[in-house]
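Overview (structure and organization)
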Amino acid sequence: MIKKIFLIGNPNVGKSVVFSRLTGVQVISSNYAGTTVEITRGFLKLGGKEIEVVDLPGTYSLEASSKSEEAAVVLLKECPKEECVVVNIVDSTNLERNLYLTLQLIEEGLPLIVALNMCDEAKHQGVSLDVGLLEKILQVPVVPTCAITGLGIKLLLERISEIKPVVRQKFLHRQRWQEIGNIIEQVQKLAHRHHTLRETLEDASVKPFSGSVIAIGVMLASFEIVRFIGENLISRIADPIFFNFYQPFLIKLSSFLGEESFIHHLLIGDLINGKIDFKQSLGLLTTAPYIEFAMVLPYIISFYFVLGLLEDIGILPRLAMLLDNLLHNLGLHGFAIIPVLLGLGCNVPGILATRNLESRRERFIASTLISIGVPCVALQAMIFGLLGKISGYYVSGVYLVLLAIWLILGVILNRMAKGYSPELLIEIPPYRFPSLMILWKKLFLRIKGFLIEAAPLVLLGVLIINILLYFRLFDILTGISAPIVKGLFGLPKESVVALVMGLFRKDVAVGMLMPLALTAKQLFITAVLLAISFPCVATFIVFFKELGIKDLIKACLIMLAVALITGTVLNLTLH
Amino acid sequence: MRKISLNQMRGKQKGFICDISAEAALQNKFMGMGIYKGREITKISHIGLKGPVAIKVGRSVLVLGHSVASKITVEIQ
């Protein structure tokens, strides 16, 4: 009786898309190797029975070489053969490379079915495969599929019942490739085609000069698009809703509650010059929703839209190649740029994505650099909000300071951290035209994730601050830290409250800074300090889970040191 | 026939892999990706003198860091 279906295949063959098709569970899929770092599970109904579907991270062979691959192989070998079915998802455009794993799976005697995925793209590229013959040679069912459109998925499920485990001869590694050569000769025909524009672009993108020009162009354009969409969502949609529809309601509520009551303090907050100020009032119904929905959410939408495009076109692995040299100086290799870019959205998935880096040393360096030097969208939205009104130069200044910290800290960590850093070894996927459906689903999933995880924390944060402020409990903290905050950083001693609350969630901190009437220099220093400290409580948790308490403490001490030094240096050098 | 390191190949040059001097784990990874003795490859490019190398193996494009690439010796015409 079948209890489990495993999805296994090389990296970047569309396993996660097949998984979504089978189970209806939405998962993030992109055009680069290593999108899935966790083992994802879902369920499907087959013949009235509920069967568990397990989506394994991609692997080239059954000899695992990274943490996520290892987990996949262990799980596969543990399952009793009568109870599981293995769906080997294969990239039809590159059958040869994929068959190595397929043969290994057959040799293990696992109950196997092969899904020839991306069959539409293979046809497009002039690759034709004799499916019947392949099935005869492999002696396992073979089904052409196109997971993005859903083609072949039904047939795949129907044929799962045909699978029987068989024991097959084992090959030596070299023989396996010989065998594959024979199979490919029989089943695959390539139509002769001229170099297409896409292939010319693909070649150009991995050459030093043309590649750098393309990469810089793409990154600048991405930044501009993120800013353009974000600003317009705020000025055309979010702000009008808040000011025209929501504020009149709050004004009525405010006069009904009476300005002096405790409940007014909690819900509406303080009136600024007798009016509700969405950025400063600090109420559960005023500042909390305004920050989340009118300041941060618009940038979350625009950032993840653009990131999704870059991921699905296949830009990121090419950046990894171009930046390999630079990242080597930081004790990392090129692939680390992917977690960093994810970290620009939210540090949590960024730190999770470091699982693709092979050594613990690399993971520690990358995670520390992400938590300290990479500002998440919420934080960046705050920086825009705080400094954008004064001058764009201040905003660029914060980014420059962070970049400098990121580079210097990386070089230092590379010198200090023990262990070894492995080298880059990745596959570069072809450029693909992104599927709108996949883009939309991914965006939706990420926005939903943000709303579920961030919004309650912000509400909670504002609530805590309000209570602490009301009972004047911050005064102790302010008194203790005054020598550092005032003496070294040149900030009013009250700003420590915002800095400390920023560790809980960055977006909460801004409402607390507004009433302090900071000068431009003070705002700049505060923005940099907020950016250096860990972005939110979730980052602490994921850092702890991934790297343990020792590394978390180390990273926190580094963070404190960097904040102290940077704050003091900026205070002494800026005028 | 000449034997040179993958790093020393020029762009668009073809050759056959004749030696891989890597530890077992890396050998296995290479093997799974289709890099093994006797395999024909085409160099696409490299970034700088100490940078990564892009090669075409079958229908895949693979990128190898400089020191990984230096472990592979290729026979060229």
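The rules behind the values
- Residues numbered from 1 in each chain as written.
- Chains lettered and ligands numbered in written order.
- Predicted model: local features only at pLDDT ≥ 70, side-chain atom pairs only at ≥ 80, totals over all residues.
- Helix = DSSP H or I, 4+ residues; strand = E, 2+ residues; numbered from the N terminus.
- Rg over C-alpha atoms; globule rule 2.2 N^0.38 Å.
- Buried ≥ 20, exposed ≤ 12 C-beta atoms within 10 Å, placed from the backbone.
- Contact = placed C-beta atoms within 7 Å.
- pLDDT = per-residue confidence, 0-100.
- Nonpolar A, V, L, I, M, F, W, Y, C, P; charged D, E, K, R; others polar.
- Pairing = 2+ DSSP bridges.
- Expected span 1.5 Å × (residues − 1).
- Axes fitted to C-alpha atoms, helices over the stretch in contact; angles between N-to-C directions.
- Core = buried A, V, L, I, M, F, W, Y, C linked by C-beta atoms within 7 Å.
- Left-handed = near helix turned anticlockwise from the far one by under 90°.
- Bend = angle between axes of the 7 residues up to and from the residue.

**Structural notes on the overall build of chain A**
Scanning chain A from terminus to terminus reveals 24 helices and nine strands. Relative to the 2.2 N^0.38 estimate, which gives 25 Å for 575 residues, the radius of gyration of chain A is 27 Å and therefore close to what a compact globule would have. The principal-axis extents of the C-alpha atoms in chain A amount to approximately 80 × 55 × 45 Å. Here chain A, with 575 residues, has 46% of them falling under the buried criterion. Long-range pairs, those at least 24 residues apart, make up 72% of the contacts in chain A between residues at least 6 apart in sequence.

**Looking at the overall build of chain B**
In terms of regular secondary structure, chain B is built from two helices and six strands. The order of helices and strands in chain B, counted from the N terminus, is β-β-α-β-β-β-α-β. Relative to its length of 77 residues, chain B is compact, with a C-alpha radius of gyration of 11 Å against a globular reference of 11 Å. Structurally, chain B occupies a C-alpha span of about 30 × 25 × 25 Å along its principal axes.

**Observations regarding the confidence of the model for chain B**
Considering every residue of chain B, the mean pLDDT works out to 92; 100% of them sit at 70 or more. Reported confidence for the predicted complex is 0.94 by ipTM and 0.90 by pTM.

**Some details on the environment of Thr568 of chain A**
Residues and elements named next belong to chain A. Within the secondary structure layout, Thr568 lies in helix H24 (residues 537–573). Residue Thr568 is classed as partly exposed on the basis of its C-beta count, with 16 C-beta atoms lying within 10 Å. Measuring from C-alpha to C-alpha, the distance between Thr568 and Leu257 comes to 44 Å, with 311 residues separating the pair along the chain.

**Remarks on the interface of chain A and chain B**
At the interface, 28 residues of chain A touch 26 residues of chain B. Listing elements by their share of the side of chain A that touches chain B, those giving two or more residues are helix H3 (95–107), helix H7 (173–187), helix H12 (316–322), helix H13 (324–328) and strand E9 (425–428) of chain A. Ranked by residues supplied to the side of chain A that touches chain B, first place goes to E9 of chain A with four residues. Residue composition of the side of chain A that touches chain B, by class: 11 nonpolar, eight polar and nine charged. Direction of pairing for E9 of chain A relative to strand E5 (residues 60–64) of chain B: antiparallel, over a ladder of four bridges. Bridging across to E5 of chain B, Leu425 of chain A finds its partner in Leu64 of chain B.

**Some thoughts on helix H16 (residues 360–373) of chain A**
Residues and elements named next belong to chain A. The terminal C-alpha atoms of H16 lie 19 Å apart, and with 14 residues this matches the ideal 20 Å at 1.5 Å per residue to within 8%. With respect to burial, H16 is a largely interior element, 12 of its 14 residues being buried. Looking only at H16, the buried set comprises Glu362, Arg363, Phe364, Ile365, Ala366, Ser367, Thr368, Leu369, Ile370, Ser371, Ile372 and Gly373. Check the buried side of H16 and you find it contacts helix H14 (337–345), helix H15 (347–353), helix H18 (392–416), helix H23 (520–532) and H24.

**Re the sheet that holds strand E1 (residues 2–5) of chain B**
Pairing is antiparallel in the open sheet, where seven strands are placed in the order E9(A)-E5(B)-E4(B)-E3(B)-E2(B)-E6(B)-E1(B). Each of the sheet's edge strands pairs with one partner strand only, and the pair in question is E9 of chain A together with E1 of chain B. On average, each strand axis in the sheet is tilted by 40° relative to the strand beside it, whichever way the strands run. When E1 of chain B meets strand E6 (residues 72–76) of chain B, the two strands line up antiparallel, connected through four bridges. The residue bridging Arg2 of chain B from the neighbouring strand is Ile76 of chain B, located in E6 of chain B.

**Comments concerning unusual backbone geometry**
All names here are of chain A. Positioned with a positive phi, Leu282 is a non-glycine residue whose angle comes to about 65°. With respect to the element layout, Leu282 can be found in the loop between helix H10 (262–267) and helix H11 (287–313). A positive phi angle, near 50°, is found at Ala517, a position not held by glycine. Tracing the backbone through its elements, the reader meets Ala517 in the loop between helix H22 (506–513) and H23.

**Re the sheet that holds strand E3 (residues 49–55) of chain A**
Within a sheet, neighbouring strands are paired by backbone hydrogen bonds and run either parallel or antiparallel to one another. Residues and elements named next belong to chain A. Ordered in space as E2-E3-E1-E4-E5-E7, the six strands form an open sheet in which the pairing is mixed. At either margin of the open sheet sits one strand with a lone partner, and together these are strand E2 (40–46) and strand E7 (142–144). Across the sheet, the axes of successive neighbouring strands diverge by a mean angle of 25°, strand direction being ignored. As judged from the six bridges shared by strand E1 (residues 4–9) and strand E4 (residues 84–91), these two strands associate in the parallel manner. From the neighbouring strand, Ile5 faces E4, where its bridge partner is Val85. Where helix H5 (residues 131–138) meets the sheet, it contacts strand E5 (112–117) and E7, and its direction lies at approximately 155° from that of E7.

**Looking at the nonpolar core**
Residue and element names in this part refer to chain A. Among the nonpolar cores identified, the biggest contains 178 residues, and Phe6, Leu7, Ala115, Ala320, Ile337, Val398 and Ala527 are the most heavily contacted of them. Per-element tally for this core: the top contributor is H11, with 12 residues. Excluding residues within four positions of it along the chain, Val398 makes contact with Ile383, Leu387, Phe524, Ala527, Val528 and Ala531.

**Quick notes on the packing of H16 of chain A against H24 of chain A**
Residue and element names in this part refer to chain A. Relative to each other, H16 and H24 sit at 65°, their axes nearing to 9 Å. You can see that H16 and H24 cross each other, and the crossing is right-handed. Contacts from Arg363, Phe364, Ser367, Thr368, Ser371 and Ile372 in H16 reach Thr539, Phe543, Glu546, Leu547, Asp551, Ala555, Ile558, Met559 and Val562 in H24. For the contact of H16 with H24, the class distribution of residues is eight nonpolar, four polar and three charged.

**Examining the environment of Glu224 of chain A**
Residues and elements named next belong to chain A. Position of Glu224 relative to the elements: it lies in helix H9 (residues 208–257). On the basis of neighbour count, Glu224 is assigned to the exposed category, with 11 C-beta atoms found within 10 Å. Linking Glu224 and Ile476, residues 252 residues apart in sequence, is a C-alpha distance of 44 Å.

**Some details on the packing of H11 of chain A against H22 of chain A**
All names here are of chain A. Running from N to C, H11 and H22 cross one another at 115°; their axes reach a closest spacing of 10 Å. Along this stretch, H11 crosses H22, giving a crossing that reads as right-handed. Judged by residue contacts, Thr287, Ile291, Glu292 and Val296 of H11 engage Asp507, Val510 and Gly511 from H22. For the contact of H11 with H22, the class distribution of residues is three nonpolar, two polar and two charged.

**As for the pairing of E2 of chain A**
Residue and element names in this part refer to chain A. Bridging between E2 and E3 involves seven bridges; their strand directions are antiparallel. From the neighbouring strand, Phe43 faces E3, where its bridge partner is Glu52. Between E2 and E3, which follow one another and run antiparallel, lie two residues, and Gly47 among them has a positive phi close to 55°.

**With respect to the pairing of E3 of chain A**
Where E1 of chain A and E3 of chain A come together, four bridges link them in parallel fashion. When the sheet's bridge partners are listed, Leu7 of chain A is paired in E3 of chain A with Asp55 of chain A.

**Considering H24 of chain A**
Residue and element names in this part refer to chain A. Taking 1.5 Å per residue as the helical rise, H24 with its 37 residues ought to reach 54 Å, whereas the 32 Å between its terminal C-alpha atoms falls clearly short. In H24, a bend of some 125° at Gly548 exceeds every other bend along the element. Of the positions making up H24, those classed as buried are Thr539, Phe543, Leu552, Ala555, Val562, Ala563, Thr566 and Gly567. Elements in contact with the buried residues of H24: H15, H16, H18, helix H20 (474–488) and H23.

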